[in-house]
Amino acid sequence: MARVVVISVDGDDALWVADLDAGTVVPLPSPKSGGLKAVTDLRATGAIVTKGVNLAVVVKSADAALSGHYDG
């Protein structure tokens, strides 16, 4: 099973593809059609969309994540 996640951070319009097995994160061009386009359109209205993700936390740095301090 591929372990790839499409992510975006609040306040940033960019989409990113994180390949967990390869250890890479690269920008994803904005979709022009299809399901991902529909999701990004929802996101633009303020909706939060998750599917198959059971934890997502924004932190200021990797050090902050490892120390247990999460952004509010």
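Parameters and conventions
Residues numbered from 1 in each chain as written. Predicted model: local features only at pLDDT ≥ 70, side-chain atom pairs only at ≥ 80, totals over all residues. Heavy atoms only, no water. Helix = DSSP H or I, 4+ residues; strand = E, 2+ residues; numbered from the N terminus. Contact = heavy atoms within 4.5 Å. Areas by Shrake-Rupley, 256 points an atom, 1.4 Å probe, with all protein chains shown as cover. Pairing = 2+ DSSP bridges. pLDDT = per-residue confidence, 0-100. Buried < 20%, exposed > 50% of the residue type's maximum accessible area, 1.4 Å probe, protein only. Axes fitted to C-alpha atoms, helices over the stretch in contact; angles between N-to-C directions.

So, on to the overall build of the chain. Regarding its fold elements, the chain presents two helices and three strands. In sequence order, the secondary structure elements of the chain are arranged as β-β-β-α-α. Oriented by its inertia axes, the alpha-carbon framework of the chain measures out at about 40 × 30 × 20 Å. The contacts in the chain between residues at least 6 apart in sequence include a share of 15% that link residues at least 24 apart. Just so you have it, the chain exposes about 5,900 Å², and 59% of that area is on carbon and sulfur atoms.

Next up on the list: the pairing of strand E2 (residues 15-19). Sheet topology places strand E1 (residues 4-7) next to E2; four bridges connect them, and they run antiparallel. For Val 5, the partnering residue across the bridge sits in E2 and is Ala 18. As defined by bridge partners, E2 adjoins strand E3 (residues 24-28) across five bridges and the pair is classed as antiparallel. The residue bridging Val 17 from the neighbouring strand is Val 26, located in E3. With antiparallel pairing between neighbouring strands as the criterion, E2 and E3 make up a hairpin whose turn holds four residues, including Gly 23 at a positive phi of roughly 75 degrees.

Averaged over all residues, the pLDDT of the chain equals 87, while 92% of them reach at least 70. When the elements of the chain are averaged for pLDDT, helix H2 (residues 62-67) gives the smallest value, 75, and E3 the largest, 96.

By the secondary structure assignment, Pro 29 is in the loop between E3 and helix H1 (35-44). Its relative accessible area of 61% is what places Pro 29 among the exposed residues. As for Pro 29 and Ala 14, which are separated by 15 residues in sequence, their C-alpha atoms are 8.1 Å apart.

It is worth spelling out the sheet that holds E3 at this point. Pairing within the open sheet is antiparallel, and its three strands lie in the order E1-E2-E3. Only two strands of the sheet have a single partner each, and these edge strands are E1 and E3. The average angle at which neighbouring strand axes cross in this sheet is 25 degrees, direction not considered.

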